[in-house]
Amino acid sequence: MKIIVYLEGPSDKLAMEHLLKSLIENANNVGIKINFCYINPDKGRGNSKKELISKLPIKAVNILSNDSDTIVIVIPDLYPLNSGGTHSKFPELKQLIQDKFTETLIRKKISDKRINDRFEILCFKYELEAIILAAEEQLAS
């Protein structure tokens, strides 16, 4: 089994890999491969969150429809609000991503509902970097 987790940027990827290092190793030992990836906006000048909302659902459909042993998770930041679409709370952000995912399934004429079960949308409600900086001593211990 493979789990691919998409985040907004390289600092999110590095933080998650470091914070979850033992979980990743334990999963790998039982045959579950966990990969953290981030969206790289066009030429580094784009909006990572907007790219995550607009392009990642399409990529997820392609991955999930071609590999039944993979789970795709997307974790955007809640802030800034209304980036990539209108949202002020996580349920609205989740719906933006889910709608794009569903539109892609319809457009590609994919009717296997099990694909939805392997696509998960989560959210960093606060900037991960701010939490790490605020809790540096606790994280170090």
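Our structure's up above, just so we're on the same page.
Reading the values: the criteria
- Residues numbered from 1 in each chain as written.
- Predicted model: local features only at pLDDT ≥ 70, side-chain atom pairs only at ≥ 80, totals over all residues.
- Heavy atoms only, no water.
- Phe/Tyr/Trp six-rings, centres within 6.5 Å; stacked < 30°, edge-to-face > 60°.
- Helix = DSSP H or I, 4+ residues; strand = E, 2+ residues; numbered from the N terminus.
- Buried < 20%, exposed > 50% of the residue type's maximum accessible area, 1.4 Å probe, protein only.
- Pairing = 2+ DSSP bridges.
- Axes fitted to C-alpha atoms, helices over the stretch in contact; angles between N-to-C directions.
- Contact = heavy atoms within 4.5 Å.
- Parallel < 35°, antiparallel > 145°, perpendicular 65-115°, else oblique.
- Left-handed = near helix turned anticlockwise from the far one by under 90°.

Draft legend 1. A look at the packing of aromatic side chains. Scanning the model with the defined rule gives one aromatic pair in all. Judged by centre distance (4.1 Å) and plane angle (5 degrees), the ring pair of phenylalanine 101 and phenylalanine 119 falls under stacked. Placement of the pair is phenylalanine 101 in helix 5 (residues 90–107) and phenylalanine 119 in strand 4 (residues 119–121), with a sequence separation of 18 residues.

Draft legend 2. Inspection of the pairing of strand 3 (residues 70–74) at higher detail. Counting buried residues along strand 3, four of its five residues qualify, which places the element largely inside the surrounding structure. Strand direction decides the pairing type here: strand 1 (residues 2–7) and strand 3, joined by five bridges, are parallel. Residue isoleucine 3 lies in a different strand from strand 3, and its bridge partner there is isoleucine 71. Bridging between strand 3 and strand 4 involves three bridges; their strand directions are parallel. Bridged to valine 74 within strand 4 is isoleucine 121.

Draft legend 3. Structural context of the sheet that holds strand 2 (residues 33–38). An order of 2-1-3-4 is seen for the four strands of this open sheet, with the pairing classed as parallel. Each edge of the open sheet carries a strand with a single partner, namely strand 2 and strand 4. With strand direction ignored, the average angle separating the axes of adjacent strands in the sheet is 20 degrees. Packing of helix 1 (residues 10–19) onto the sheet brings it into contact with strand 1 and strand 2, and relative to strand 2 it is tilted by some 155 degrees. Against the sheet, helix 4 (residues 56–66) engages strand 1, strand 3 and strand 4, with an angle of about 170 degrees to strand 3.

Draft legend 4. Here's a closer look at the environment of arginine 114. Its place among the elements puts arginine 114 in helix 6 (residues 114–117). For the pair arginine 114 and serine 65, spaced 49 residues apart in sequence, the C-alpha separation works out to 9.7 Å.

Draft legend 5. Broad picture of the packing of helix 4 against helix 5. With their axes 8 Å apart at the nearest point, helix 4 and helix 5 run at an angle of 50 degrees to one another. It follows from the interaxial angle that helix 4 and helix 5 lie oblique. Between helix 4 and helix 5 lies a crossing whose hand is right-handed. Contacts from Pro57, Ile58, Ala60, Val61 and Leu64 in helix 4 reach Ile97, Lys100, Phe101, Thr104, Leu105 and Arg107 in helix 5.

Geometric descriptors of this kind do not, in isolation, establish any biological role.
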